[in-house]
Amino acid sequence: MVKRNFDCRLVIIIRMGILVLFFKWRISTALVTISSPDTNDTSTVGAMWTVSIAGELWFALMWVLDQLPKMQPVHRAVDVTALDESLLPTMDVFVTTADPDKEPPLVTVNTILSILAADYPADRFTCYVSDDGGAPVTREAVAEAARFAGLWVPFCRKHGVEPRNPEAYFFSPGTASVGAGYKGRAWPELARDRRRVRREYEELRLRIDALKAGDMRRQRWSLADGTCLRRGTVEDHAGVVDVLIGRPSRTPQLGVRTIVDGTTNQQLVDLSSVDLRVPAVVYMCREKRHGRAHHRKAGAMNALLRASAVLSNAPFILNLDCDHYVNNSEALRAGACLLLDGGGGGCDVAFVQFPQRFDGVDPADRYANHNRVFFNCTELGLDGLQGPIYVGTGCMFRRSALYGVDPPRWRPRRGAAAGKDDDDAIKIKPDTFGLSTPFLGSVRVVSEQCRNTTTSPPCSFDGAAIGEATALVSCGYEDRTAWGRDIGWMYGTVTEDVATGLCLHRRGWRSAYCATAPDAFRGTAPLNLTDRLHQVLRWAAGSLEIFFSRNNALRLRTGGRLHPLQRVAYLNITRRCTRSPPSSS
């Protein structure tokens, strides 16, 4: 359900009227002062008034440009129960991490476990973890998470607990009461199971802490003998694709799952009549070599996009940072609903953006981590135009849109060109996608899915598919192709999210904003001023990179596909550093 808020438009119009009256008074006052007989040096006074009014006009113009895209806010309500289980499409979930020192492995493990326990059919989605640093501790921690998921996921299904992040569930103040908001069986049984599962989770934490300590010892030894520096390992390593949990069967597997590693029959939790299936988990580390451009997170996302294409090739993709966990188990269903329905607009929605919410922020939010104006006002206003801006995490994509396909309304109709099948929405060329034959075949499958997203694509985790996926994450695969320029995540800026969303919107795609209750995803935010300033500086630098690139919204040629106010919104984002020239000097 879509609800438009016209009160906001009325308020903006009233404010603009007041602004016009203010400048009318300001200019008339200036003219009276300059022409007054009491004014001795009219040229000096006139210059001062001119500079003052020019500055006020500049800030007024910035404010007007910021307000125009907010005049049609939209509030969406998604009823996930209305979507039949059989209509749920397959989905690939991408989790990205790069540095275990800045992104603790335990945080990544909790994010993975929250994804695997989401309320979505286990056989219809796959979790891919990209370790861009190639750290052994990250790989071992992900393997530990895959083993613990055999207990955690059925436990969550049995009792319907929320949130399904073990750290947040067991240790957050809001979940201290066992029976609060309980949706499963009798809560005394939950209390007993909860104690046992918590004990297993605490042992998991100890194992991960031991892995981290062992990794630090290896780094110290490497520095002592000068054999293998940590930095060299990050920048130079081979590509790896490892299937930690295979694709589960289509039919539920009921029974008693009693131990995490499945090696004994000791009964920990009674899981009779509970589906024991766990979604597939794939660990990926793309190849990196000295002297090659790796394009930061955008390069890792494109490597995930190619590797997943030859393994599961799901039509929808959810992108999450390693520190953003699933807080609402129905978030995946909500995003799928909007991509399937498109808010009543068919299949023109390229991505669904969820708001970013954070844990651990002080009540006063002294560093503005919540970005309330942007997420609660700007993104809602853009949803009434062509859609919200992509902000890097908590976003669900349509795979075909990332492959450079045009939305249905902008594709040529059948018979428009003689001898051509115009329903073939994607121009599949090796100089665009690369030379991998299996990958090009997966792109053709996506072309068919443009017309029917409910059909399950072929899925294979055999040795040949894994070998092909490993080749697709090599550092030289993208040479002389369109990756990062016309397809996938865009290169050339540290804010690849804004550039990617802009490229999708300029092709005519729309996006949708989905704010659920409770929050779909929650993450961690900078807790000190230094980290916050570094984050804002990176955003500002990335915005300037886009402003001076070919993706500049001011001179971008879109053939009428980009809404004029959407163009203004992107212009506002990319010129944030130029809003106040005197203060930025």
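Please read these numbers as outputs of a predicted model, since none were measured by experiment.

What counts as what
- Residues numbered from 1 in each chain as written.
- Predicted model: local features only at pLDDT ≥ 70, side-chain atom pairs only at ≥ 80, totals over all residues.
- Heavy atoms only, no water.
- Helix = DSSP H or I, 4+ residues; strand = E, 2+ residues; numbered from the N terminus.
- Buried < 20%, exposed > 50% of the residue type's maximum accessible area, 1.4 Å probe, protein only.
- Contact = heavy atoms within 4.5 Å.
- Areas by Shrake-Rupley, 256 points an atom, 1.4 Å probe, with all protein chains shown as cover.
- Pairing = 2+ DSSP bridges.
- Salt bridge = Lys/Arg side-chain N within 4 Å of Asp/Glu carboxyl O.
- Axes fitted to C-alpha atoms, helices over the stretch in contact; angles between N-to-C directions.
- Parallel < 35°, antiparallel > 145°, perpendicular 65-115°, else oblique.
- Nonpolar A, V, L, I, M, F, W, Y, C, P; charged D, E, K, R; others polar.
- Phe/Tyr/Trp six-rings, centres within 6.5 Å; stacked < 30°, edge-to-face > 60°.
- Lys NZ or Arg CZ within 6 Å of the ring centre and 35° of its normal.

(A) Spotlight on the overall build of the chain. Broken down by element type, the chain carries 18 helices and 15 strands. Among the 585 residues that make up the chain, the fraction classed as buried is 52%. Long-range contacts, defined here as pairs at least 24 residues apart, represent 81% of the contacts in the chain between residues at least 6 apart. If you sum the accessible surface of the chain, you get close to 26100 Å²; carbon and sulfur atoms cover 57% of it.

(B) Here's a closer look at the pairing of strand 8 (residues 280-285). With six of six residues buried, strand 8 is to be regarded as a mostly interior element. Across the two faces of strand 8 the burial is the same, with Ala 280, Val 282 and Met 284 and Val 281, Tyr 283 and Cys 285 all buried. Bridge count between strand 4 (residues 125-131) and strand 8: five bridges; the pairing is parallel. Directly across from Cys 127, in strand 8, lies its bridge partner Val 281. The sheet contact formed by strand 5 (residues 240-245) and strand 8 spans five bridges and is antiparallel. Residue Asp 242 lies in a different strand from strand 8, and its bridge partner there is Tyr 283.

(C) Representation of the pattern of salt bridges. Under the criterion given, the structure shown has 32 salt bridges. A salt bridge links Arg 286 to Asp 132; its shortest N-O distance comes to 2.5 Å. Of this pair, Arg 286 sits in the loop between strand 8 and helix 8 (296-311) while Asp 132 sits in the loop between strand 4 and helix 4 (136-159), and the two are 154 residues apart along the sequence. Like Asp 132, Arg 286 is buried. The shortest N-O distance in the salt bridge between Arg 207 and Glu 144 comes to 3.0 Å. One end of the pair, Arg 207, is in helix 6 (residues 187-225); the other, Glu 144, is in helix 4, and 63 residues separate them in sequence. Arg 207 sits in the partly exposed class, given a relative accessible area of 31%.

(D) Structural context of the packing of helix 16 (residues 529-547) against helix 17 (residues 564-574). In the contact formed by helix 16 and helix 17, the axes pass within 8 Å of each other and the chain directions differ by 125°. Taken together, helix 16 and helix 17 sit at an angle that is classed as oblique. Between helix 16, through Ser 543, Leu 544, Ile 546 and Phe 547, and helix 17, the contact on the second element is made entirely by Leu 571, Ile 573 and Thr 574. Of the residues contributing to the contact of helix 16 with helix 17, the split by class is five nonpolar, two polar and no charged.

(E) Representation of the packing of aromatic side chains in the model. Considering all chains together, one arrives at 25 aromatic pairs under this definition. An angle of 20° between the planes, with centres 6.4 Å apart, marks the rings of Phe 148 and Trp 152 as stacked. In this pair, Phe 148 and Trp 152 both sit in helix 4, four residues apart, roughly one turn of the helix. The residues Phe 148 and Trp 152 share a single accessibility class, namely buried. Joined through ring pairs, the aromatic side chains of Phe 148, Trp 152, Phe 155, Tyr 169, Phe 170, Phe 171 and Tyr 201 make up one cluster. Residue placement shows Arg 205 over the ring face of Phe 171; its charged tip is 4.6 Å from the ring centre. A cation over an aromatic ring shows up here: Arg 306 above the ring of Trp 483, its NZ or CZ 4.9 Å from the ring centre.

(F) The arrangement of the environment of Val 129 in detail. Position of Val 129 among the secondary structure elements: in strand 4. Accessibility expressed as a relative area gives 0% for Val 129, which makes it buried. For Val 129 and Leu 320, which are 191 residues apart along the polypeptide, the C-alpha to C-alpha distance reads 9.9 Å. Not counting chain neighbours up to four residues away, the residues in contact with Val 129 comprise Val 95, Ile 112, Val 142, Val 282, Tyr 283 and Met 284.

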